[in-house]
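# Structure at a glance
One letter stands for each residue in the lines below.
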Amino acid sequence: MNPDITTAFTTPWGTFDLTRHPQDPRERLRAWDAADEYLLRHLAGESPSAEDVAVELEGRRIAVLGDRWGALTTALAPYGPVQISDSHLGREATRANLARRGAAVEEQRLLTTRDTPPERIDVLLVRVPKSLALLEDQLHRLAPALHPGTVVLGAGMVTEIHTSTLQLFERILGPTRTSLAVRKARLIVCTPDPALAPGPSPWPHRYALPPDIGPASGRTVVNHAGTFCAEKLDIGTRFLLAHLPAPAPGARVVDLGCGNGVVGTAAALAGPGAELVFVDESHQAVASAEETFRTNLGPEAKAEFLAADALDPALFAPASVDLVLNNPPFHSHQATTDATAWRMFTGAKRALRQGGELWVVGNRHLGYHVKLRRLFGNCQLVAGNPKFVVLRAVRR
């Protein structure tokens, strides 16, 4: 861990050593923020609000939604909270942070957003996600477990909480208000109203692809809430689809950071007989990719769908892949970082067979060609426009 970045998270329940996942000695981002601190102090009755009264936690069924790196779950471990997370990396960080605290890591308490939620929730803590759609979907899923006495508290930085955020809580759960801002963080306080009937979640969404993008033209895409560009095809992916290589029969192809799976699905359509693997750290994305693939290639078509950290060595042996297709993200929550892209590129080099190829689409200004040339010793510009480039690197 960078010596300038403290890992000590001080809470009313003690001080804990927290890290993100995967751990990186060069990491400059902490595993918690002021919103986590504010929420925990409020629960303990120690926040600056004059109306603060400690929330009773002992013996109550607690659910923590969207706990980014396990800070809330780790601090409240003695009360046995259930964590509900879309992030594979966040769940792995939670496991590590709980183990470091000396708390039992109970798999049944680490749920994904695709798992069946708890039947009853007495205290619901929500770290407001970047995706309003994911928040909408999860509030719909959790609403039946709430009762008039349920304490519902949300937390986020002021830049993450908007009028639309509060309207979701109000429309789906009940009357909602916000706290004063403290260190640029804010709380959401919601009182469940059993008389509300918000109906089912409107997710997933489906749309048809445009007609001029190669083998996937006109095909249907399925997007679960929180998946990147859920309403329409993003322009970077569209540019990659227009220049996609056709895999050879029997080739093992990985759609890395698959999102809704449109790239891997297009590759399967372009290269019948190819073996497709879809990988994303988002459980919502993996579910979207599977539905997109099956919608277009049939329920019996063979493919793998994995929630994982890039090309995890535990899942991908060296020299086991022929082609990797990648549109890497350059954000981690609110932070801009190239750490994920670099991890994807290095994992691809290790997993690719000799002669195997990594195809990447990215914003021109990100300079991925420099990283790929340094890593692979080569990088070819396949196509470019004023905004995007499609690059090809070959494992020698």
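Everything numeric in this text was worked out from a predicted model, so none of it was measured.

Parameters at a glance
Per-chain numbering applies: the sequence of each chain, read as written, is numbered from 1 onward. It should be noted that, the model being predicted, local features are given only for residues of pLDDT at least 70 and side-chain atom pairs only at 80 or more, the latter also being counted only at that level, while totals for whole chains, interfaces and linings use all residues. To obtain the side-chain values, all non-hydrogen atoms of the structure were used and water was disregarded. Strand pairing is defined by DSSP finding a minimum of two bridges between the two strands. Secondary structure counts use DSSP, requiring at least four H or I residues in a row for a helix and at least two E residues in a row for a strand, with both numbered from the N terminus. Here an angle of 0 to 180 degrees is reported between the N-to-C directions of two axes, which are lines fitted to C-alpha atoms, with helices fitted over the stretch in contact. Buriedness of a pocket was judged along seven lines, with at least five required to meet protein on both sides within 12 Å; pockets are open sets of points on a 1 Å grid over the protein atoms alone, cavities are sets where a 1.4 Å probe fits but cannot get out, and lining residues have an atom within 4 Å of a point. Grid points are joined across faces, edges and corners, and a volume is the space filled by probe spheres set on the points. Three residue categories are used. Nonpolar comprises Ala, Val, Leu, Ile, Met, Phe, Trp, Tyr, Cys and Pro, charged comprises Asp, Glu, Lys and Arg, and polar comprises the others, including Gly. The pairing test for Phe, Tyr and Trp rings, Trp by its six-membered ring, is centres within 6.5 Å, and the orientation test on the planes gives stacked under 30 degrees, edge-to-face over 60, and tilted for anything in between. Summary of the burial criterion: residues with accessible area below 20% of their type's maximum are buried, those above 50% are exposed, and those between are partly exposed, where the area comes from a 1.4 Å probe applied to protein chains only. Definition used for salt bridges: Asp or Glu carboxyl oxygen within 4 Å of a side-chain nitrogen of Lys or Arg. When checking whether two residues touch, look at their non-hydrogen atoms; a contact exists if any pair is within 4.5 Å. The definition of a nonpolar core used throughout is a set of buried Ala, Val, Leu, Ile, Met, Phe, Trp, Tyr and Cys residues joined through side-chain atoms within 4.5 Å. Any helix carries an expected span of 1.5 Å times its number of residues minus one. Picture the helix axis, draw a direction to every C-beta atom, and the arc is the one those directions span. Any pair of N or O atoms that falls within 3.5 Å is considered a polar contact. Within protein, one atom must be able to donate a hydrogen and the other to accept it, and sequence-neighbouring residues count only if both atoms are side-chain atoms.

## Describing the sheet that holds strand 15 (residues 321-326)
With mixed pairing, the 7 strands of this open sheet are ordered in space as 14-13-12-15-18-20-19. Every interior strand has two partners, whereas the edge strands, strand 14 (303-307) and strand 19 (380-384), have only one. Between one strand axis and the next, the sheet turns by 15° as a mean value, whatever way the strands run. Inspection of the sheet shows strand 15 paired to strand 18 (residues 352-363) by 5 bridges, in the parallel sense. From the neighbouring strand, Val 321 faces strand 18, where its bridge partner is Leu 352.

## With respect to empty space enclosed by the protein
Overall, the coordinates contain 1 cavity of 30 Å³ or more when judged by the stated rule. What the largest cavity holds in volume is close to 30 Å³. Together, Ile 84, Thr 112, Thr 113, Asp 115, Pro 117, Gln 138, Arg 141 and Leu 142 line the largest cavity. For the lining of the largest cavity, the class distribution of residues is 3 nonpolar, 3 polar and 2 charged.

## Section: the packing of aromatic side chains
A ring pair, where both rings are aromatic, is described by two values, the distance of the centres and the angle of the planes. In this structure the tally under the stated criterion is 6 aromatic pairs. Each ring, one from Phe 278 and one from Phe 293, has its centre 5.5 Å from the other, and the planes form 65°; the classification is edge-to-face. Of the two residues, Phe 278 is situated in strand 13 (residues 275-280) and Phe 293 in helix 8 (residues 283-297); the sequence distance between them amounts to 15 residues. Using a relative accessible area of 0% as the deciding quantity, one classes Phe 278 as buried. Each residue in the set Phe 278, Phe 293 and Phe 305 is aromatic and connected to the rest through ring pairs, giving one cluster.

## Regarding the pattern of salt bridges
If you walk through the whole model with that rule in mind, you get 19 salt bridges. Between Arg 100 and Asp 17 there is a salt bridge whose closest N-O contact spans 3.8 Å. Linking Arg 100 in helix 3 (residues 88-101) with Asp 17 in strand 2 (residues 14-17), this pair joins segments that are 83 residues apart in sequence. Note on Asp 17: relative accessible area 36%, which makes it partly exposed. Here Arg 343 ties to Asp 309 by a salt bridge, and the two come within 2.9 Å at their closest N and O atoms. Of this pair, Arg 343 sits in helix 9 (residues 339-351) while Asp 309 sits in the loop between strand 14 and strand 15, and the two are 34 residues apart along the sequence.

## Structural notes on the sheet that holds strand 8 (residues 176-178)
Taking strand neighbours across the sheet as the criterion, the 7 strands line up as 5-4-3-6-7-9-8 in an open arrangement whose pairing is mixed. Both edges of this open sheet fall to strand 5 (110-112) and strand 8, since each of them pairs with a single strand only. The mean angle between the axes of side-by-side strands here comes to 20°, regardless of whether they run parallel or antiparallel. Of the pairings in the sheet, the one linking strand 3 (residues 62-65) to strand 4 (residues 82-85) comprises 3 bridges and is parallel in character. Bridge pairing links Leu 65 to Ile 84 in strand 4. Taken strand by strand, helix 3 contacts strand 4 and strand 5, and its axis lies near 180° from that of strand 5.

## Overview of the nonpolar core
Ranked by internal contacts, the top residues of the largest apolar core, which has 33 residues, are Leu 209, Leu 241, Leu 244, Val 253 and Leu 325. Elements with a minimum of two residues in this core: helix 6 (235-241), helix 7 (262-270), strand 13, helix 8, strand 15, strand 18 and strand 20 (388-394). A per-element tally of this core places helix 7 first, with 5 residues. Every residue in contact with Leu 244, bar those within four places of it in the chain, is listed here: Val 263, Ala 266, Ala 267 and Leu 325. Counting 30 residues, the second largest nonpolar core, distinct from the first, contains Ala 71, Leu 76, Leu 89 and Leu 125.

## A closer look at helix 9
Helix length check: helix 9, at 13 residues, gives a terminal C-alpha distance of 18 Å against a target of 18 Å (1.5 Å per residue), a fit within 8%. Among the residues making up helix 9, those that are buried are Thr 340, Ala 341, Met 344, Phe 345, Gly 347, Ala 348 and Ala 351. The buried residues of helix 9 all sit within an arc of 165° when viewed along its axis, so they share a single face.

## What about the side chain of Glu 136?
Inspection of the secondary structure puts Glu 136 in helix 4 (residues 132-142). Relative accessible area serves as the criterion here: at 15%, Glu 136 is assigned to the buried category. At 3.1 Å, the side chain of Glu 136 forms a polar contact with the side chain of Arg 171. Glu 136 has contacts with Leu 168, Arg 171, Ile 172, Pro 202 and Trp 203, leaving out every residue within four places of it along the chain.

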